[in-house]
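Summary of structural features
Listed here are the chains, written in short residue letters.
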Amino acid sequence: MKRLTIRTRLTLVYGGLFLLAGILLLGATYVLMSRQLSNRESTTVLKGTFAPEADALNEVAEETRTDALMALLVQGGLALGLVAAAAIAIGWLIAGRMLQPIDQMTRAARRIADSPGSDRGLHERIALDGPPDEVKRLADTFDLMLERLDHSFDGQRRFIANASHELRTPLTLNRTLLEIAVRRRNVSVEVRQLGETLLEINGRHERLIDGLLTLAKSDRELGELSYVDLADVVTHVAAQHPTVTTSAGEAPAMGNAVLLERLVQNLVENGVRHNVPDGWVEVTSGTRPDGLVELVVTNTGPVVPPYELPGLFEPFRRLTTDRLATRTGAGLGLSIVRTVAHAHGGHVYAEPRDGGGLVVTVSLPVARPPRNQDTGVVTGQDLRSSA
């Protein structure tokens, strides 16, 4: 029963109750008819004589009574079966009609849940028409919740836009002033070293702010979608890291080219940064038979305990051995990777590599190439020109 739908369960309950009521009615009719025929038979015996004809008359009366009761059971059972079947069919239709508003709410919730971004589709409303019953109140409450969420995400968008301006402007000004001070001819060695240290700290803060903004934007919306071959993205990103080896097979996906490039770049930089001396990083891409494109980044490095893998994709989380070390990263690389992958309808997971290091796999839905290959295709040349 737990696997049956509500409509099926309501129909079975309705049909079962109707059939039980019909059986009880048929049984009561049978008992009453049997008593009535028995009374008539007793009356006939009392009024009769003791002649042999009375016995024959009683036998005929008993046979008539038995035939009448049997006909009642057979014909009543057939009629009950036909009426029960009609009642179950009508109950199925009525249950579907009654559950239609709930099905409408489910479809609306599914459309919102399947939206690429976390705030896409919040402008939709159920706007259920009908009497002010429990289902109508539930739909209105759901619409009110969507409206408040929509306002909340609007406030988040405004906050991100303001934070992007308010946080980047002073850091950019600080970097400019420090660069001017460091490049002066008569600056002392101590001041130059201090300026370079401050520039490094300022740069780390800029990367932290860029990572936070990218994390917020990638979780919020994808923007313009285009046909992207991850093989071109891998080739473009790996060209910036000579120590990275690639095996870029065709991996067509549909998404935001800038965010997908950031995904690949974060994975490659994470593999290069968290490595051992004389280590290696390998990036492969391709299409799987199950209709997904796959990106795999493997690197050598320290041994990673399996219980620490889930925390690597959380913001500002690092391995225990990296928490006290001086790193140029902000602890957002894999968080951005996971958010971008989820925004594109994909998944990302990591597993320890035998001998040390990580194997990070990203899977995305495969995309069909556009009809016009001259439009809508993002290649490595396009990425280089936009960089």
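In the block above lies the structure referred to throughout.
Here the structure is a predicted model, which is why all the values come from computation and not from measurement. (Residues numbered from 1 in each chain as written. Predicted model: local features only at pLDDT ≥ 70, side-chain atom pairs only at ≥ 80, totals over all residues. Heavy atoms only, no water.)

**Some points on the pairing of strand E7 (residues 358-365)**
Applied cut-off: Whether a residue is buried, partly exposed or exposed follows from its accessible area with a 1.4 Å probe, protein chains only, as a fraction of its type maximum: under 20%, in between, or over 50%, in that order. Going along the chain from the N terminus, every DSSP run of H or I of four or more residues is numbered as a helix, and every run of E of two or more is numbered as a strand. Following DSSP output, two strands are said to pair if at least two bridges run between them.
With 7 of 8 residues buried, E7 is to be regarded as a mostly interior element. Relative to E7, strand E5 (residues 292-299) runs antiparallel, the two being bridged by 8 bridges. Each bridged residue has a counterpart across the sheet, and for valine 297 the counterpart in E7 is valine 360. Summarising the sheet, strand E6 (residues 347-352) and E7 pair through 6 bridges and their orientation is antiparallel. Bridging from a neighbouring strand, tyrosine 349 pairs with threonine 361 of E7. Where E6 folds back onto E7 in an antiparallel hairpin, the turn is made up of 5 residues, including glycine 355, whose phi is positive at roughly 95°.

**Topic: the packing of helix H5 (residues 230-238) against helix H6 (residues 257-273)**
The condition that has to hold: Axes here mean lines fitted to C-alpha atoms, for a helix over just the part in contact, with angles spanning 0 to 180 degrees between N-to-C directions. Our angle categories are set so that under 35 degrees counts as roughly parallel, over 145 as roughly antiparallel, 65 to 115 as roughly perpendicular, and the remainder as oblique. Left-handed describes a crossing whose near helix is turned anticlockwise from the far helix by less than a right angle; the clockwise case is right-handed. Here, two residues are considered to be in contact whenever any of their heavy atoms come within 4.5 Å of each other.
With their axes 10 Å apart at the nearest point, H5 and H6 run at an angle of 50° to one another. On the basis of their axis angle, the class for H5 and H6 is oblique. The two elements H5 and H6 meet at a crossing, and its hand is right-handed. Mapping the contact onto sequence places Leu230, Val233, Val234, His236 and Val237 in H5 and Leu260, Glu261, Val264, Gln265 and Val268 in H6.

**Section: H5**
For H5, a buried count of 7 out of 9 residues is recorded, marking the element as mostly surrounded by other parts of the structure. Burial in H5 covers these residues: Leu230, Ala231, Val233, Val234, His236, Val237 and Ala238.

**Observations concerning the pattern of salt bridges**
This is how the line gets drawn: Salt bridges are counted wherever a side-chain nitrogen of Lys or Arg sits within 4 Å of a carboxyl oxygen of Asp or Glu.
Evaluation of the coordinates by the stated rule reveals 6 salt bridges. One salt bridge in this structure joins lysine 136 and aspartate 140, with 3.0 Å as the shortest N-O distance. One end of the pair is lysine 136 and the other is aspartate 140, both in helix H3 (residues 134-182) and 4 residues apart, which spans about a single turn. Residue aspartate 140 is classed as partly exposed on the basis of its relative accessible area of 34%. Glutamate 206 is the partner of arginine 175 in a salt bridge, and the nearest nitrogen-oxygen pair spans 2.2 Å. Of this pair, arginine 175 sits in helix H3 while glutamate 206 sits in helix H4 (residues 189-220); the two residues are 31 residues apart in sequence, bridging distant segments of the chain. A relative accessible area of 28% places arginine 175 in the partly exposed class. What makes glutamate 206 buried here is its relative accessible area of 18%. It is possible to trace a salt-bridge network through shared partners that takes in Arg175, Glu179 and Glu206.

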